[in-house]
Amino acid sequence: MKKLIKISALVVAGLLVTQACKNNFIDIKPKGTDLESNYYKNQTEAFNGLVAVYDVVGWQGDFVTRENAMSAGSDDHYAGGGSASDVSELQAISIWALTPANGPQGTLWSAGYSGVFRANTLLKKLPDVPMDDALKSRYISETKFLRAYFYFDLVRFFGNIPLITEPLSQADIYNVLQAKPELVYAQIEKDLKDAIADTNLPNTVTSTIDGGRITKGAAHALLGKVLLYEKKYAEAAAELALVNGTPGQLNATYGYKLLTNFGDLWKTNTKFNSESIMEITHSSKSAGSWDCISCTEGNVLNIMTAPRDYKTVAATAPDYISGYGFLPITQNLFDAIHYDPRNKATVLNMDSLQANGIATYNATSGYKNTGFLLEKFAGRVSDKTTGGGTTELNYPQNMYAIRLADTYLMEAEALIMGGGDLARAASLLTAVRTRAHNDGIVRPVVATMANVKSERRLELVGEGHRLPDLIRWGDAATVLASRGFTANKNELLPIPLNELDNTKLVQNPGY
């Protein structure tokens, strides 16, 4: 699971050429590459370029993803796996022993700048492509959204980063300077506001054709999240209110509504449901193989989080696959969620299954195994690959980059922090907790930051939000002190060592 050759992501991204990629709304086998100078001659090639930008959203670099990195570094999980060196990038962030040479930052940086460079290339080429103007406008807006999405991750993870909005020559890459975060945020806001203003960006899409493509609602949601991180609370609440509508009710403009049953969110047959705002598509038909783990369109978290050496005993045993035991849930989180109705769909209590003679697993081979694994993503035999390739790398569960319960809780936070409508904040919190119980009884929640923090923790386990939340709230240094988190240092990840070689980039303080 280790990378043998490491090259600067900025260099690699600058040399990228467009190739056909798989996504829910396009199903083309990659057939080589085309030189950028000879490409983008028509609408088909422009569309392929757009898909190439979308493809980076689901980037999985040798078993490192945004979700597992941000979870492993939190108080909710350990890195787990088979040993203290298994996917060392996750082990490093789990104990906050990050160095510029080791940690998940290499994958996160590569994903972000690969997406940025692809987006910049497409935005440069699109104006000259002979195609329908309205369709071209939509492509531009989707690409601007995606560039904003990539930059948002980069700026909140790394702080001072290069701000690049045009394609760069290979020579120019080595002379890139870092920009102040406020300039990056300004560009993110501009890209998202441009997308929102475009009448050709649709409010909704047909999931069977365009599932996974960006809508105007997704642009409002991401802009609201960005504004929340900037502490522009009133603006953030206003954007998120457009997404959320009346709490608990259908948003007629964008089609969003909380699912009735929390557990249904994690079933593979509920892709692109009413709660999904931005969804990362995965497929069991991508034929991914060990030759290129990051190339697969399957969801690697399904094999990573499943129990080690799992075997069924009773006929009633769940059909989990045998996996690698990553992201075991900490005792602290288990104690917090154990009596919450979301527990069953969130926590896989393997010790209980084993003690009751239902199933067995190898409890001793799992590193920092607690007996509590991540039910949300544990792969199932019924979801095994149907399209060839390596079984472990081709599971089909989609991931939520943004979902409605998340935006409810972000709006509640913005209202509380900004001195806004506390009655509305309470109704948003109440809707999330009431859905969790799903018993027909309204569960009132008082609008306080303590309740926001509790609901976000219990609702979003394992989805990659916990660590950024702790850092945004200023709680990380206290909550993660026992894990080695250092204040005024670990709020940002180190710039990857490869990016510093022969460039003008400067390392973050403390590294």
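Attention in this report is confined to the structure presented alongside it. Since the model is a prediction, treat every value here as computed from it, not as a measurement.

What to know about the side chain of N251
Here is step 1 of the chain: Tracing the chain through its elements places N251 in the loop between α11 (233-244) and β3 (276-280).
Here is step 2 of the chain: Given the relative accessible area of 7%, N251 is considered buried.
Here is step 3 of the chain: Setting aside residues no more than four positions away along its own chain, N251 makes contact with L242, V243, N244, G245 and Y256.

What to know about the state of the cysteines
Simply put, disulfide is the name for a covalent bond between the sulfur atoms of two cysteines.
Here is step 1 of the chain: Taken as a whole and judged by the stated rule, the model has one disulfide.
Here is step 2 of the chain: The residue that forms a disulfide with C292 is C295, at a sulfur-sulfur distance of 1.9 Å. Between C292 and C295 the sulfur-sulfur dihedral comes to about 65°; the bridge is accordingly right-handed.
Here is step 3 of the chain: Residue classification places C292 among the partly exposed residues on the basis of a relative accessible area of 26%.

So, the nonpolar core
Here is step 1 of the chain: If you look at the biggest cluster of nonpolar residues, it comprises 135 residues, and the most contacted ones within it are F145 and I188.
Here is step 2 of the chain: Ranked by residue count, the leading element in this core is helix α6 (residues 133-158), at twelve residues.
Here is step 3 of the chain: What I188 contacts, discounting residues up to four positions off in sequence, is A148, Y151, F152, V155 and V226.

A few points about the layout of surface pockets
Picture a little ball the size of a water molecule; that probe, rolled over the atoms, points out where space is still empty.
Here is step 1 of the chain: By volume, the second largest pocket is sized at about 460 Å³.
Here is step 2 of the chain: The set of elements that each furnish at least two residues to the lining of the second largest pocket consists of α14 (343-346) and α17 (422-437).
Here is step 3 of the chain: Residues of the lining of the second largest pocket, tallied by class, amount to seven nonpolar, seven polar and seven charged.

Observations concerning the packing of aromatic side chains
Here is step 1 of the chain: As enumerated under the stated definition, the model contains 17 aromatic pairs in all.
Here is step 2 of the chain: A centroid spacing of 6.4 Å and a plane angle of 65° characterise the contact between F152 and Y185, whose relative ring orientation is edge-to-face. Within this pair, whereas F152 is found in helix α6, its partner Y185 is found in helix α8 (residues 181-197), the two being separated by 33 residues in sequence.
Here is step 3 of the chain: The exposure class of F152 is buried, given its relative accessible area of 2%.
Here is step 4 of the chain: Its relative accessible area of 12% is what places Y185 among the buried residues.

Focus on α6
Here is step 1 of the chain: For α6, with 26 residues, the first-to-last C-alpha span of 37 Å sits near the 38 Å given by 1.5 Å per residue.
Here is step 2 of the chain: Among the 26 residues that make up α6, 21 are buried, leaving the element largely enclosed by the rest of the structure.
Here is step 3 of the chain: For α6, the N-terminal cap is D132; the gap from its side-chain oxygen to the backbone nitrogen of A134 is 3.1 Å.
Here is step 4 of the chain: After α6 finishes, the residue G159 shows a positive phi value of roughly 80°.

The rules behind each value
- Along each chain, residue indices are assigned from 1 in the same order as the chain's sequence is written.
- Given that the model is predicted, a residue must reach a pLDDT of at least 70 before its local features are reported, and side-chain atom pairs must reach 80 or more before they are shown or counted; all residues, however, enter totals for whole chains, interfaces and linings.
- Side-chain measures here rest on the full set of heavy atoms in the structure, leaving out hydrogens and waters.
- Secondary structure elements are taken from DSSP: a helix is a run of H or I of four residues or more, a strand is a run of E of two residues or more, and numbering for both begins at the N terminus.
- Here the term buried applies to any residue with accessible area under 20% of the maximum for its type, exposed to any over 50%, and partly exposed to those in between, with areas from a 1.4 Å probe on protein chains only.
- Any two residues whose heavy atoms approach within 4.5 Å at even a single point are treated as in contact.
- Defined by distance alone, a disulfide is two cysteine sulfur atoms within 2.5 Å.
- Grouping buried Ala, Val, Leu, Ile, Met, Phe, Trp, Tyr and Cys residues that are joined through side-chain atoms within 4.5 Å yields what is termed a nonpolar core.
- The rule is simple: put a 1 Å grid over the protein atoms alone, call a set of points where a 1.4 Å probe fits but cannot get out a cavity, call an open set with protein on both sides within 12 Å along at least five of seven lines a pocket, and count a residue as lining if it has an atom within 4 Å of a point.
- Grid points are joined across faces, edges and corners, and a volume is the space filled by probe spheres set on the points.
- We call Asp, Glu, Lys and Arg charged. Ala, Val, Leu, Ile, Met, Phe, Trp, Tyr, Cys and Pro are nonpolar, and the rest, Gly among them, are polar.
- The criterion for an aromatic pair is that two Phe, Tyr or Trp rings (for Trp, the six-membered ring) have centres within 6.5 Å, with stacked assigned to planes under 30 degrees apart, edge-to-face to planes over 60 apart and tilted to the rest.
- Here, expected helix span is obtained from the residue count minus one, scaled by 1.5 Å.
- Polar contacts, as counted here, are pairs of nitrogen or oxygen atoms within 3.5 Å of one another; within protein the pair requires one atom able to donate a hydrogen and one able to accept it, and residues that are adjacent in sequence qualify only if both atoms are side-chain atoms.

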